Amino acid sequence: GDIDIAFIRQKEMRGQAHAILATRPFIGDEPFALFYPADVIFGDSPAMGQLIAVHEKHGGCVLAVENVSREEISLYGAIDADPIADRVHKLRRIVEKPKPEDAPSLLGTVGRYLCTSDIWPLLEQTPATPPNGEMFLTDTLQMHLDRGGDVFACEYTGDRFDTGRPIGLLKASLYLALRDPTIAPELRAYITQQTKL
């Protein structure tokens, strides 16, 4: 069918909550999906589809999480949550980029979120965090939790690559190429040849 696409440029790098607020006139009061483009996820079932299924069953906002190492948890939002179903958790709190020793769990948020319209006023109230004045979506979601709102986490199934890092982009490209029968044989031969050097 026909799809309308609107592009909005965030003139200042003030974080996710600030960027989402700029989309308010276009979204209305429907739940909305948020994708971070650097996080690429491959799988039999789209990660966002898995989040939508959680929302349809439990309501609330839903975010994608995966198990990460203690060394890497400081790069993520870490959740403190109770498991309520297979791969589904109900959040008590979320901590943005915790120190490894302070992380409430090793379930870290990745770039897929489903948000409901009741977070719009909270986005406007999200504090600017020093030193860069960024407005973190994790802070918005914590405010939602503090006001009795429901936030769920879905341990999605699939393979994720952080293509914002050169190694992640390379791995994602290899992942796809090695599954393409028109490219894979030549690529495998090339990789084998290179590993012998």
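Use the structure listed above.
Every residue gets a number counted from 1 within its own chain, in the order that chain's sequence is written. Local features in this predicted model are restricted to residues of pLDDT 70 or higher, and side-chain atom pairs are both shown and tallied only at a pLDDT of 80 or more, whereas totals for entire chains, interfaces and linings draw on every residue. Just so you know, side-chain values use all the structure's heavy atoms and leave hydrogens and water out.

## A look at the overall build of the protein
So, point 1. Check the secondary structure of the protein and you find seven helices and eight strands.
So, point 2. Its C-alpha atoms put the protein at 60 × 45 × 40 Å along the principal axes.
So, point 3. Scored against the burial criterion, the 197 residues of the protein give a buried share of 39%.
So, point 4. Note on definitions: a residue-residue contact is assigned when non-hydrogen atoms from the two residues lie within 4.5 Å. Nonlocal contacts in the protein, meaning residues at least 24 apart in sequence, comprise 68% of its contacts between residues at least 6 apart.
So, point 5. Carbon and sulfur atoms provide 54% of the accessible area of the protein, an area that totals close to 11,700 Å². Numbered from the N terminus, helices here are DSSP runs of H or I no shorter than four residues, and strands are runs of E no shorter than two. Between buried and exposed lies partly exposed: a residue is buried under 20% and exposed over 50% of the maximum accessible area for its type, with that area taken using a 1.4 Å probe on protein chains only. Areas reported here follow the Shrake-Rupley algorithm with a probe of radius 1.4 Å; residue values treat only the protein chains shown as occluding.

## Section: the pairing of strand β5 (residues 88-96)
The two faces of a sheet get side chains in turn, since along a regular strand they alternate between them.
So, point 1. Sheet analysis places strand β4 (residues 77-85) next to β5, joined by eight bridges and oriented antiparallel. Each residue of the ladder has a partner; that of Ala 85, found in β5, is Val 88.
So, point 2. When DSSP finds two or more bridges between a pair of strands, those strands are recorded as paired. Connecting the antiparallel pair β4 and β5 is a turn made up of two residues, with Arg 87 showing a positive phi of about 65°.
So, point 3. Bridge analysis of β5 against strand β7 (residues 151-155) gives three bridges, and the strand direction is antiparallel.

## Some details on unusual backbone geometry
So, point 1. A cis amide bond, omega 0°, links Pro 130 with the succeeding residue Pro 131.
So, point 2. Within the fold, Pro 131 resides in the loop between α4 (120-125) and α5 (137-146).
So, point 3. One non-glycine residue, Arg 87, lies in positive phi territory at about 65°.
So, point 4. Tracing the backbone shows Arg 87 in the loop between β4 and β5.
So, point 5. Look at Arg 87 and you get partly exposed, because its relative accessible area is 36%.
So, point 6. Its identity is not glycine, yet Lys 97 carries a phi of approximately 45°, on the positive side.

## Remarks on the packing of aromatic side chains
So, point 1. Working definition: rings of Phe, Tyr and Trp (its six-membered ring) pair if their centres are within 6.5 Å, and the pair is stacked with planes under 30 degrees apart, edge-to-face with planes over 60 apart, and tilted otherwise. Enumeration according to the criterion identifies five aromatic pairs in this entry.
So, point 2. Members of the aromatic cluster, each reached through a chain of ring pairs, are Phe 42, Phe 161 and Tyr 175.
So, point 3. Here the guanidinium or amino end of Arg 179 rests over the ring plane of Tyr 175, the centre of that ring lying 3.6 Å away. Put simply, a charge is over a ring when the Lys NZ or the Arg CZ is close to the ring centre, within 6 Å, and near the line of the ring normal, within 35 degrees.

## Section: the pattern of salt bridges
Two side chains that carry opposite charge are able to pair once their charged atoms sit near each other.
So, point 1. Think of a salt bridge as a Lys or Arg side-chain nitrogen and an Asp or Glu carboxyl oxygen that are within 4 Å of each other. If you walk through the whole model with that rule in mind, you get nine salt bridges.
So, point 2. Arg 92 is the salt-bridge partner of Asp 80, the closest N and O atoms lying 2.5 Å from each other. Residue Asp 80 is found in strand β4, and its partner Arg 92 is found in strand β5; the two are separated by 12 residues along the sequence.
So, point 3. Owing to a relative accessible area of 15%, Asp 80 belongs among the buried residues under this scheme.
So, point 4. Overall, Arg 92 belongs to the partly exposed group, its relative accessible area being 43%.
So, point 5. Put simply, Arg 93 and Asp 80 hold a salt bridge, and the shortest N to O gap is 3.1 Å. With Arg 93 in strand β5 and Asp 80 in strand β4, the pair connects residues that are 13 residues apart, well separated along the chain.
So, point 6. You can call Arg 93 partly exposed: its relative accessible area is 35%.
So, point 7. Shared partners join several salt bridges into a network, and the residues in it are Asp 80, Asp 82, Arg 92 and Arg 93.

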